[in-house]
Amino acid sequence: MKKPIILVTGSEGQLGNALKRHADRFSDFDFLFIDKNDVDLTDETDFIDFANEYQVKFLINCAAYTAVDLAEKEREIAQIVNADVPFMLARYCKQRNIRLIHISTDYIFDGAGNSPLTESSRTNPLSVYGSTKLEGERRVLEALSDAYVIRTSWVYSIFGKNFLKTMVNLGKQREELQVVFDQVGSPTCAGDLAEAILTIIQCIEAGEDFPGIYNYSNEGVISWYDFAVEIMKKANLSCKIIPIRTSEYPTAATRPVFSVLDKAKIKTVFGLTISHWSTSLEKTIKELQS
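Summarised in this report is the structure supplied together with it. Note that this is a predicted model, so its numbers are computed, not measured.

Reading guide: rules and limits
Residues numbered from 1 in each chain as written. Predicted model: local features only at pLDDT ≥ 70, side-chain atom pairs only at ≥ 80, totals over all residues. Heavy atoms only, no water. 1 Å grid on protein atoms, 1.4 Å probe; cavity = no way out; pocket = protein on both sides within 12 Å on 5 of 7 lines; lining within 4 Å. Points joined across faces, edges and corners; volume = space filled by probe spheres on them. Nonpolar A, V, L, I, M, F, W, Y, C, P; charged D, E, K, R; others polar. Helix = DSSP H or I, 4+ residues; strand = E, 2+ residues; numbered from the N terminus. Contact = heavy atoms within 4.5 Å. Patch = residues over 30% accessible without salt bridge, like charges linked within 9 Å, V, L, I, M, F, W, Y side chains within 5 Å. Areas by Shrake-Rupley, 256 points an atom, 1.4 Å probe, with all protein chains shown as cover. Salt bridge = Lys/Arg side-chain N within 4 Å of Asp/Glu carboxyl O. Lys, Arg positive; Asp, Glu negative; His and termini not counted. Charge placed at Lys NZ, Arg CZ, Asp CG, Glu CD. Buried < 20%, exposed > 50% of the residue type's maximum accessible area, 1.4 Å probe, protein only. Pairing = 2+ DSSP bridges. Axes fitted to C-alpha atoms, helices over the stretch in contact; angles between N-to-C directions. Core = buried A, V, L, I, M, F, W, Y, C linked by side-chain atoms within 4.5 Å.

1. Considering empty space enclosed by the protein
Throughout the structure, instances matching the rule amount to 1 cavity of 30 Å³ or more. Approximately 40 Å³ is the volume found for the largest cavity. Lining the largest cavity we find Asp106, Tyr107, Trp154, Gln183, Trp224, Arg255, Pro256 and Ser259. Partitioned by chemical class, the residues of the lining of the largest cavity number 4 nonpolar, 2 polar and 2 charged.

What follows is the structure, encoded as structure tokens:
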């Protein structure tokens, strides 16, 4: 009997690479990993010609335009990758009876409050990146009622470019760094998120199928400043972190000030146990240094 096939787009990103590393642990499935060098998702014909060769049962869409500041200038390409492509994938999944798990972001919120954000909290993106990601998840759910949308925040890993790796690299070169202290959220270890997604797919296969929007990040609440301080401590680096206000570090895109995600729904529905950010950070740093 053939194993169910999981197709992963954006396979060279942080989450895509994390899913690759977890694939062996989920041996009940076969995996197909594709990135822009394999299939052009902005070309619907190219994607369909590829996907039709396989009997895909699940599609995890990790493909995204994530250059947050550059998106303010490159609105068109951000719109295509973050909104048009997910809509195309959702329509394809509906035609082929494929279950879609689409990844979204905390940037769909304005961060104006001070209470953890639930799946029903009011959305109000402040950036092109956030607005295109919000449009993407809306269009996915409009086209495919049984889709899963997973919102996450502050993703880091040993792969690609991210805050953890930037801090470690700069911490080796400089005596001090300035980091904003007035933006608060929850970091997400890409490996933890990958495991959660694959666990949800196992649940769907077992008949525990509850589509919709879910939040996922590691447990705990922290500012970027405190996160940087802890990175230096765990990486045994002597670089001093100086707290500054967001107004002292202007960026092209406006970030949400408070984007702590409430994970009660995903933990209750799928019985997930989520690690504290500090625990996952320590494991990732050890892996980065090994």
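From this point, the discussion proceeds with the structure in view.
2. Brief notes about the environment of Glu176
Within the element layout of this structure, Glu176 appears in strand β7 (residues 176-180). Sequence separation of Glu176 and Tyr107 is 69 residues, and the distance between their C-alpha atoms is 28 Å. With sequence-adjacent residues up to four places away left out, Glu176 is seen in contact with Cys239, Lys240 and Ile242.

3. Describing a negative patch on the surface
The grouping of Asp40, Asp43, Asp49 and Glu53 at the surface amounts to a negative patch. Following the sequence through the fold, Asp49 ends up in helix α2 (residues 44-51). Relative accessible area serves as the criterion here: at 49%, Asp49 is assigned to the partly exposed category.

4. A short note on the sheet that holds strand β10 (residues 212-215)
The strand order across the open sheet formed by 6 strands is β2-β1-β3-β4-β5-β10, and the pairing between neighbours is parallel. Only two strands of the sheet have a single neighbouring strand rather than two, namely β2 (30-34) and β10. The mean angle between the axes of side-by-side strands here comes to 20°, regardless of whether they run parallel or antiparallel. As defined by bridge partners, strand β4 (residues 99-105) adjoins strand β5 (residues 148-152) across 5 bridges and the pair is classed as parallel.

5. Thoughts on the pattern of salt bridges
What the rule picks out here adds up to 17 salt bridges. For Asp146, the salt bridge identified is with Arg99, shortest N-O distance 3.2 Å. Linking Asp146 in the loop between α4 (128-143) and β5 with Arg99 in strand β4, this pair joins segments that are 47 residues apart in sequence.

6. Regarding the nonpolar core
Grouped together as the largest cluster of nonpolar side chains are 32 residues, with contacts concentrated most on Ile6, Ile60, Ile101, Ile197 and Ile201. For this core, the elements supplying multiple residues, two or more each, are β1 (5-9), α1 (14-22), β3 (56-61), β4, β5, α6 (190-205) and α8 (264-270). Considering every element that reaches this core, the biggest residue donor is α6, with 10 residues. Sequence-distant contacts of Ile60, defined by excluding residues within four places in its chain, comprise Ile6, Leu7, Val8, Thr9, Leu19, Ile101, Ile197, Leu198 and Ile201. If you look at the next biggest cluster of nonpolar residues, it comprises 26 residues, including Leu7, Val85, Met88 and Ile213.

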